[in-house]
Amino acid sequence: RGFHRQGLAPPQLRQPRPRAPLADMVLADLGSKISGALRKMTNHTVIDQEVLDSMLQDICKALLQADVNVAQVKQLRTNVKAACDFDNTPTGMNKRKLIESAIMKELCSMLDPGVLPYEPKKKRPNVIMFVGLQGAGKTTTCTKYAYMYKRKGWKTCLVCADTFRAGAFDQLKQNATKAKIPFYGSYTETDPAAIAGDGVQKFKDEGYEIIIVDTSGRHRQEGALFEEMEQIAEATEPNDVVFVMDSSIGQAAHDQALAFKEKVAVGSVIITKLDGHAKGGGALSAVAATKAPIIHIGTGEHIDDFEDFEVKAFVSRLLGKGNIAGLMEKMKEADVDLEGAEMMKRLASGQWTLRDMREQFQAVMKMGPLSNIMNSFPGMQGLDFRESSQRIKRWMTIMDSMTDAELDEPKLMNNERVLRISMGSGYMPFEVIELLEQFKMMQMTMQKTMKKNKKHGKPADVRSMDSNTVAQMMSKMNPQMLQHLGGVQGLEHMMKEMEAVEKKMGK
């Protein structure tokens, strides 16, 4: 009854739209080819010039297939060979690490323009103007950008200054309403500069911190487009001009970015549609050559398919090495506290509840899509976390249909309550039971860890779980995870790495 009342099909008939996390991106194909070439090198007992040449041939081929400029690829090959001069390498030096380090350095150099992007400042208006050609995904990107800052606790808003494209204001209004972001536009005013100026002033007066101005695009680089951009820039005095570019144009991104930079002060670039084109690598490297820093990349249609672009972290993930430091920073930003005194106290006394589990899930979801989080771990590239992500969202919806008493006292659960929660959430009773069983498993695992830590005089911290316990929980979440990491031994190595990064960050 609950399903038909809400106008929904039962869960088993609902087909979730597939998403495109980093693991499924075409760029990840480039990453797997490069990391595959590095892995092949480690299989050799002796690393000599022949092995290096063979590995460089595979890497260069992968980069050319990703539409990276031939001259840039040639330069990478030359620089790596110069850095790995085996004739002058000191005896005892690890040649594998030397090669890996050289590859990493050259890929970073290829993507890094050496220019710092604009950093928005809190408690003051930051006007960000978005420009680009029509069809690059500018309006959607504006909403993603606003939503990302909103999630970080900023006051964000949108101004539609696109009077050229029919339905532009309707699209922005729909996106902004869905993301619960204030917006401004007009159906009657035809002057985009007037709309932009009025909208920016209105939001400045209301104390907004991130004011995003969406401008018109064209199919070609028309003079009228540039003239209009200049007028809007004059009316709004933006702190940063963001050029939104479609990754499918590949190396042509270089000329496009330069053309825009000549007319307006483009401060940074966002590359979109990296989930569906083999030319993404070419677009990234071509834009870097224009000395305009890439600040974000769009990796899908959904509002949270949007990632920060930090060169070293991106290359590290591309090579399958993860980005533990970046993950720790995200945890800090999202306030994910795995060792909160109150939670530890409740856990130790056996009072860990569904409310605690929901709070932890909420904190994790604040960090972004699960696929992006998991790809920050070394060795996780190539795994599909869509099912796990959908499961967590399903559990969150189910827990939202529970009463305060049920969240605080799971023992109250009975068949009648399960049926009521099922109807309220729109999910089947067996899915509610699946959540309760998962909760019991997590509760038992954590309590066992706490008791074991207490017995051995270790701190009461869920992060001091032994690798076998973590392996057990991993297999429940995604059976392929442990295998992908290289078994319990690979997991232990990753846990040590996380511990080292934590110490370095002074946690």
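Only a predicted model underlies this, so the values are computations on that prediction, with no experimental measurement involved.

Caption draft 1: Inspection of the packing of helix H4 (residues 70-83) against helix H5 (residues 95-111) at higher detail. The contact between H4 and H5 brings their axes to 9 Å, and the two run at 145°. Pair H4 / H5 crosses with right-handed handedness. Mapping the contact onto sequence places Gln72, Leu76, Asn79, Val80 and Ala83 in H4 and Leu98, Ala102, Ile103, Glu106, Leu107 and Met110 in H5. Here the contact of H4 with H5 is built from residues that sort into eight nonpolar, two polar and one charged.

Caption draft 2: Region of the structure containing the confidence of the model for the protein. Looking at the protein as a whole, its pLDDT mean stands at 77, while 71% of the residues score no less than 70. Within the model, the stretch residues 1-26 combines pLDDT values under 50 with 57 contacts to residues more than four positions away or in other chains.

Caption draft 3: Just the sheet that holds strand E2 (residues 156-161), in detail. Taken in spatial order, the eight strands make up an open sheet running E3-E2-E4-E1-E5-E6-E7-E8, and their pairing is mixed. Taken across any chain shown, the strands that pair with only one partner, and hence form the sheet edges, are strand E3 (183-184) and strand E8 (306-308). As paired strands, strand E7 (residues 294-298) and E8 are joined by three bridges and run antiparallel to one another. Across the sheet, histidine 296 pairs through a bridge with aspartate 308, a residue of E8. Here helix H9 (residues 223-236) sits on the sheet in contact with strand E1 (126-131), E2 and strand E4 (210-215), set at roughly 175° to E1.

Caption draft 4: The pairing of E2, seen in detail. Burial of E2 is extensive: six of the six residues sit out of reach of the surface. Here E2 shows two buried faces, one formed by Thr156, Leu158 and Cys160 and the other by Cys157, Val159 and Ala161. Sheet topology places E2 next to E3; two bridges connect them, and they run parallel. Across the sheet, the residue bridging to leucine 158 is phenylalanine 183, located in E3. Handedness of the β-α-β unit built from E2, helix H7 (residues 168-179) and E3 comes out right-handed.

Caption draft 5: Local environment of unusual backbone geometry. At lysine 123, a position not held by glycine, the phi torsion is positive, near 60°. Counting through the fold element by element, lysine 123 comes out in the loop between H5 and E1. You will see that glutamate 237, though not glycine, has its phi angle at about 50°, which is positive. Residue placement: glutamate 237 occurs in the loop between H9 and strand E5 (240-246). Residue glutamate 237 is classed as exposed on the basis of its relative accessible area of 61%.

Caption draft 6: A look at the pairing of strand E6 (residues 266-272). Counting buried residues along E6, six of its seven residues qualify, which places the element largely inside the surrounding structure. Note that E5 and E6 share six bridges and pair parallel. Each bridged residue has a counterpart across the sheet, and for phenylalanine 243 the counterpart in E6 is valine 269. Following the backbone out of E5, through helix H10 (residues 253-263) and into the adjacent parallel E6, one traces a crossover that is right-handed. Where E6 and E7 come together, three bridges link them in parallel fashion. In the sheet register, isoleucine 270 faces E7, and the bridge partner there is histidine 296.

Caption draft 7: Seen up close, the nonpolar core. Membership of the largest hydrophobic core comes to 72 residues, with the highest contact counts inside it found for Met55, Leu63, Ile99, Ile103, Phe260 and Ile271. Considering every element that reaches this core, the biggest residue donor is H5, with nine residues. Ignoring any residue separated from it by four or fewer positions in sequence, one finds isoleucine 99 in contact with Met41, Ile47, Leu52, Met55, Cys84 and Phe86. Phe130, Ala179, Ile181 and Ile295 belong to the second largest nonpolar core, which has 23 residues in total.

Caption draft 8: Seen up close, helix H17 (residues 386-400). Counted at 1.5 Å a residue, the expected span for H17 with its 15 residues is 21 Å, and the 21 Å between its end C-alpha atoms agrees. Within the span of H17, buried status applies to Ser388, Ser389, Arg391, Ile392, Arg394, Trp395, Met396, Ile398 and Met399.

Caption draft 9: Region of the structure containing the side chain of glutamate 431. Its location among the elements puts glutamate 431 in helix H20 (residues 429-455). At 2.8 Å, the side chain of glutamate 431 and the backbone nitrogen of methionine 428 are in polar contact.

Caption draft 10: The arrangement of the side chain of histidine 296 in detail. On the secondary structure map, histidine 296 appears in strand E7. A polar side-chain atom of histidine 296 sits 3.1 Å from a polar atom in the side chain of aspartate 308. Aside from chain neighbours lying at most four places away, what touches histidine 296 is Tyr145, Met148, Val269, Ile270, Ile271, Phe306, Glu307, Asp308 and Phe309.

Caption draft 11: Region of interest: the packing of aromatic side chains. Tallied over the full model, the rule gives eight aromatic pairs. Ring centres 5.3 Å apart and planes at 75° place the aromatic pair phenylalanine 130 and tyrosine 145 in the edge-to-face group. Taken together, the positions of phenylalanine 130 in strand E1 and tyrosine 145 in helix H6 (residues 138-151) put the pair 15 residues apart, joining distant regions of the chain. Since its relative accessible area comes to 2%, tyrosine 145 is described here as buried. An aromatic cluster of at least three residues, connected via ring pairs, comprises Phe130, Tyr145, Tyr149 and Trp154. Taking the ring centre of tyrosine 149 as reference, the NZ or CZ of lysine 152 above it sits at 5.5 Å. A cation over an aromatic ring shows up here: lysine 173 above the ring of phenylalanine 169, its NZ or CZ 5.7 Å from the ring centre.

Rules of the game
Residues numbered from 1 in each chain as written. Predicted model: local features only at pLDDT ≥ 70, side-chain atom pairs only at ≥ 80, totals over all residues. Heavy atoms only, no water. Axes fitted to C-alpha atoms, helices over the stretch in contact; angles between N-to-C directions. Helix = DSSP H or I, 4+ residues; strand = E, 2+ residues; numbered from the N terminus. Left-handed = near helix turned anticlockwise from the far one by under 90°. Contact = heavy atoms within 4.5 Å. Nonpolar A, V, L, I, M, F, W, Y, C, P; charged D, E, K, R; others polar. pLDDT = per-residue confidence, 0-100. Pairing = 2+ DSSP bridges. Buried < 20%, exposed > 50% of the residue type's maximum accessible area, 1.4 Å probe, protein only. Right-handed = clockwise from strand over helix to strand, strands pointing away. Core = buried A, V, L, I, M, F, W, Y, C linked by side-chain atoms within 4.5 Å. Expected span 1.5 Å × (residues − 1). Polar contact = N/O pair within 3.5 Å; in protein donor to acceptor, adjacent residues only side chain to side chain. Phe/Tyr/Trp six-rings, centres within 6.5 Å; stacked < 30°, edge-to-face > 60°. Lys NZ or Arg CZ within 6 Å of the ring centre and 35° of its normal.

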